[in-house]
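Working through the structure, step by step
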Amino acid sequence: IENYLTSNSIQSDYIQMLGPLANRLIFEKVIINDKETHSTEILPTENIKVTLIISCSGRIEYFRATLSIYKNGERLFTMQDLLTPQPIDVGRFKSEFLIPKNLLRTGQHFISAGGHDGNHLGMGTEWLYASDITSFTIAEEFGSANDFANEGLVNVPFNATRIQL
């Protein structure tokens, strides 16, 4: 497996990707809330927009980009930029992912990214991936939508009731 992964990796000034598509897709940069910096600090009350700038050197029949968010080594969730894979022509494109405000708890979060030719029913065979390509921090700011006493990796919107019996 290690030989397969390293034979399908590309090392460059850009993000090092592993997988069969690494020789045709280059992830040039990751932009968080319109900033090209590492370790961006974000308020819990801000929406988070993650933009991947990708260039394609050869047409790909089916592809959709993937973004995963990790905290403390645990994957919180994975998102796709399309519901079903679509063709990509030679050139540059961007994929944008929107994470709703007040979803993530305070602390540092890491972004992993990639993509594949699979749809919602299966993974497909062509893929690429890179772990921990950048990070951002959710600031320690608490309020009714981000209650200090609520523990866990994500915030769940308040939806509880107390009824006197």
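Our structure is the block above this text.
Definitions and limits used
- Residues numbered from 1 in each chain as written.
- Predicted model: local features only at pLDDT ≥ 70, side-chain atom pairs only at ≥ 80, totals over all residues.
- Heavy atoms only, no water.
- Helix = DSSP H or I, 4+ residues; strand = E, 2+ residues; numbered from the N terminus.
- Buried < 20%, exposed > 50% of the residue type's maximum accessible area, 1.4 Å probe, protein only.
- Contact = heavy atoms within 4.5 Å.
- Areas by Shrake-Rupley, 256 points an atom, 1.4 Å probe, with all protein chains shown as cover.
- Lys, Arg positive; Asp, Glu negative; His and termini not counted.
- Charge placed at Lys NZ, Arg CZ, Asp CG, Glu CD.
- Phe/Tyr/Trp six-rings, centres within 6.5 Å; stacked < 30°, edge-to-face > 60°.
- 1 Å grid on protein atoms, 1.4 Å probe; cavity = no way out; pocket = protein on both sides within 12 Å on 5 of 7 lines; lining within 4 Å.
- Points joined across faces, edges and corners; volume = space filled by probe spheres on them.
- Nonpolar A, V, L, I, M, F, W, Y, C, P; charged D, E, K, R; others polar.
- Salt bridge = Lys/Arg side-chain N within 4 Å of Asp/Glu carboxyl O.
- Pairing = 2+ DSSP bridges.
- Axes fitted to C-alpha atoms, helices over the stretch in contact; angles between N-to-C directions.

**Observations concerning the overall build of the chain**
Across its full length, the chain holds one helix and 11 strands. Each helix and strand of the chain, placed in order from N terminus to C terminus, yields the pattern α-β-β-β-β-β-β-β-β-β-β-β. When the backbone C-alpha atoms are referred to their principal axes, the chain occupies close to 65 × 35 × 30 Å. In the chain, which comprises 165 residues, the share counted as buried stands at 39%. Partitioning the intrachain contacts of the chain with sequence separation of at least 6 by distance along the chain shows that 69% fall at a separation of at least 24. Total accessible area on the chain stands at roughly 10000 Å², and carbon and sulfur atoms take up 52% of it. With 13 positive and 19 negative side-chain charges, the chain shows a spacing of 5 Å between the two charge centroids.

**Remarks on the packing of aromatic side chains**
By the definition in use, this model includes one aromatic pair. Where Phe142 meets Phe148, the ring centres are 5.1 Å apart and the plane angle is 90°; that geometry is what we call edge-to-face. For Phe142, a relative accessible area of 34% corresponds to the partly exposed category. Take Phe148: its relative accessible area is 62%, and that puts it in the exposed class.

**Some details on empty space enclosed by the protein**
Counting across every chain of the model gives two cavities of 30 Å³ or more. A volume near 40 Å³ is recorded for the second largest cavity. Forming the walls of the second largest cavity are Leu43, Pro44, Glu46, Ile48, Pro100, Lys101, Asn102, Leu103, Leu104 and Ile138. Split into classes, the residues belonging to the lining of the second largest cavity amount to seven nonpolar, one polar and two charged.

**Focus on the pattern of salt bridges**
Tallied over the entire structure, the rule returns eight salt bridges. Across the pair Arg92 and Glu28 runs a salt bridge, and its minimum N-O distance is 2.9 Å. Of this pair, Arg92 sits in strand E9 (residues 91–99) while Glu28 sits in strand E3 (residues 25–32), and the two are 64 residues apart along the sequence. Given the relative accessible area of 58%, Arg92 is considered exposed. Its relative accessible area of 18% is what places Glu28 among the buried residues. Two residues, Arg59 and Glu61, come together in a salt bridge whose shortest N-O distance is 3.3 Å. Its relative accessible area of 40% is what places Arg59 among the partly exposed residues. Judged by relative accessible area, Glu61 falls into the partly exposed class, the value being 46%.

**Section: the sheet that holds E9**
Read from one edge to the other, the open sheet built from three strands follows the order E3-E5-E9, with strand pairing classed as antiparallel. Both edges of this open sheet fall to E3 and E9, since each of them pairs with a single strand only. With strand direction ignored, the average angle separating the axes of adjacent strands in the sheet is 20°. Pairing geometry for E3 and strand E5 (residues 48–56), over seven bridges, is antiparallel. Bridge pairing in E5 places Ile26 opposite Ser55.

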